[in-house]
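# Architecture at a glance
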Amino acid sequence: MNKYDVAIAGAGVAGCHAARNLARMGRSVVLIDRRETSGLGHDWWDNVNMGIYDEVGLPAPEPPELLQGNINFKVFPPGQKTFSFVADTAGKMNVDRKMLAARQLRYAVEAGVRFMEKTAALAPVVENDRVVGMLARAADGSKIDIRASITIDATGISGALRQHSSAKYGFSKYISRSEMFVTHREIHKDDARERESRVVFGINNGVQWIHREQPGMADFFAGFINFPGRPRPRDIVAGLLAATPDVKPNLLRGGYGAPIPVRRGFDSFVADGFVLCGDSACQCNPIDGSGVGSSLRAATIAARVIHSALENGRTDVEALWPYNAEYKRLQDASFAQLHALQMFLVSQPKKLLDILLGRGIIKPRDFWGTGKAKQESALGRIIKMMKMIDNPSFIFKLVDGMSTAKKANELYMQFPEKHDPAEFEKWRRGVNQLFATIPPALDAPAEMK
Ligand SMILES: Cc1cc2nc3c(=O)[nH]c(=O)nc-3n(C[C@H](O)[C@H](O)[C@H](O)COP(=O)(O)OP(=O)(O)OC[C@H]3O[C@@H](n4cnc5c(N)ncnc54)[C@H](O)[C@@H]3O)c2cc1C
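Residues numbered from 1 in each chain as written. Predicted model: local features only at pLDDT ≥ 70, side-chain atom pairs only at ≥ 80, totals over all residues. Heavy atoms only, no water.

## Some words on the overall build of the protein chain
Our working definition: Helix and strand definitions here come from DSSP, where helices need a minimum of 4 consecutive H or I residues and strands a minimum of 2 consecutive E residues; each element is numbered from the N-terminal end. Here's how the labels work: a residue is buried when its accessible area is under 20% of the maximum for its type, exposed when over 50%, partly exposed in between, all with a 1.4 Å probe on protein chains only. Contacts were defined at the residue level, with two residues in contact if any of their heavy atoms lie within 4.5 Å. In this description, accessible areas are obtained by the Shrake-Rupley approach with a 1.4 Å probe, and a residue is regarded as covered only by the protein chains that are shown.
Assigned secondary structure in the protein chain consists of 11 helices and 18 strands. Across the 449 residues of the protein chain, 59% fall into the buried class. Considering only contacts within the protein chain whose residues lie at least 6 apart along the sequence, 71% involve residues at least 24 apart. Total accessible area computed for the protein chain in this model is approximately 18800 Å², and 53% of it derives from carbon and sulfur atoms.

Shown next, in the form of structure tokens:
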């Protein structure tokens, strides 16, 4: 039985980046993934803010990994009657997820990480209430016991190790249906000359798009909150394709979906000897589901904090807490704000979103980042546009929803700096109370309200 400083389950965006950084700091690291190497990464491209690569010390992608088409699309509100506006996507570029995955894994292995493909994490190994490694199934079907001072669950939304953890730590075993998008994506051959990209926000409490910026390719997507009785995202994509007569079905990439968590991060990402990172910790933008940048950010902080804890001979919650505190302020405060806004919007009649998006009062850019300046500019726009609104009660509701979202941001900025169970409980209570004031989604089935 080998013992490592750090064992990481999941060689995705978060797992590979944490592994590489830890190995570069001199740590012994094992990284496992249930897929084979060639199966890593999604078979499509993702829209990522280019500033993130420098911030986290990952060389920026270059063509062909960096796709060249300008991101330029029209945004429609859920009613789709009025075209809203052309989205402002400055600073964001599409990156090929297969190539990014291969490059990230190569960097990790070059840094000294031991990678085991086709090896599935089954459960954490727990001794005296402390995670001391993980049990995994190797490619040949045998069970292996991997021991490590710290174990990271970076298995994406499945949270293969998280599922077996104790609720007392501040993260849930499972992510509820109302807190995840189900998705489907198909990229077809597209020879048309006139090509318009359109994104519909808010439809089915989610988003659907036809992106046609990439030469020769049309990208169809549907993703939304998974309420029972909803059509399948696969069927919605088939409908979008059928309604686009100048694209004949000819699948080039994708052809499948994957769930995306769309809630704020868990209250805590650490336990004794154990760390969550990436989608497994719900570190995704709760409105548009983007999580590459935030997963890289989280992995960078986690690796630094883990290294420093190990330097001091520590693996306990207290020593790992700075990862919680730094990520909450840097990223999760924004995401908590967006989660509150998302919950508010789905609790309102669709007509409200039609008005807000259709008249440019809320712009998708408000959903991509938050912070004080954005919040104020959105509120400023509301006040300016008040005269245009026929139903003033909408305005009051909106101001109420936005101020709850702002309070969520403020609460996250007050996340306890040090691990103090009483302070943490107080903070959690405050968060739960605030989110409990937001009404349930208007069209949620009764049992989910
Ligand atoms: C359709 C779709 C579109 C998206 N578009 C964007 C976008 O435009 N921009 C953006 O920023 N983000 C986007 N995202 C989100 C982004 O893909 C994720 O946030 C990001 O991949 C999270 O990284 P991760 O490392 O946490 O998880 P993943 O990248 O999912 O990696 C998890 C890894 O864990 C492995 N694994 C799972 N279970 C086990 C197990 N039991 N044992 C071992 N290994 C296991 C998996 O094989 C996988 O390799 C999109 C997601 C989807 C589904």
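## Description of the confidence of the model for the protein chain
Selection rule: pLDDT is defined as a per-residue confidence score from the predictor, taking values between 0 and 100.
Of the residues in the protein chain, 88% have a pLDDT of 70 or more, and the chain-wide mean is 89. Across residues 369-373, where pLDDT falls below 50, the model places eight contacts with residues more than four positions away in sequence or in other chains.

## Considerations on the packing of aromatic side chains
Selection rule: Aromatic contacts are taken between Phe, Tyr and Trp rings whose centres are within 6.5 Å, Trp giving its six-membered ring; a plane angle under 30 degrees counts as stacked, one over 60 as edge-to-face, and the others as tilted. Consider the ring centre and the ring normal. A charge sits over the ring if Lys NZ or Arg CZ is within 6 Å of that centre and within 35 degrees of that normal.
Scanning all chains against the criterion turns up 11 aromatic pairs. A centroid spacing of 4.7 Å and a plane angle of 85° characterise the contact between Phe415 and Trp427, whose relative ring orientation is edge-to-face. One end of the pair, Phe415, is in the loop between helix H10 (392-413) and helix H11 (421-436); the other, Trp427, is in helix H11, with 12 residues separating them in the sequence. You can call Trp427 buried: its relative accessible area is 5%. Here the basic side chain of Arg264 rests over the ring of Phe435, its NZ or CZ set 3.8 Å away from the ring centre.

## Things to note about the pattern of salt bridges
Condition: Only one rule defines a salt bridge in this text: a Lys or Arg side-chain nitrogen within 4 Å of an Asp or Glu carboxyl oxygen.
A full pass over the atoms with the stated rule returns 25 salt bridges. Between Glu127 and Arg147 there is a salt bridge, and its shortest N-O distance comes to 2.9 Å. You can see Glu127 sitting in strand E8 (residues 120-127) and its partner Arg147 sitting in strand E10 (residues 143-153), a full 20 residues away along the chain. Note that Lys189 and Asp191 form a salt bridge whose closest N and O atoms lie 3.1 Å from each other. Classification of Lys189 as partly exposed rests on a relative accessible area of 36%.

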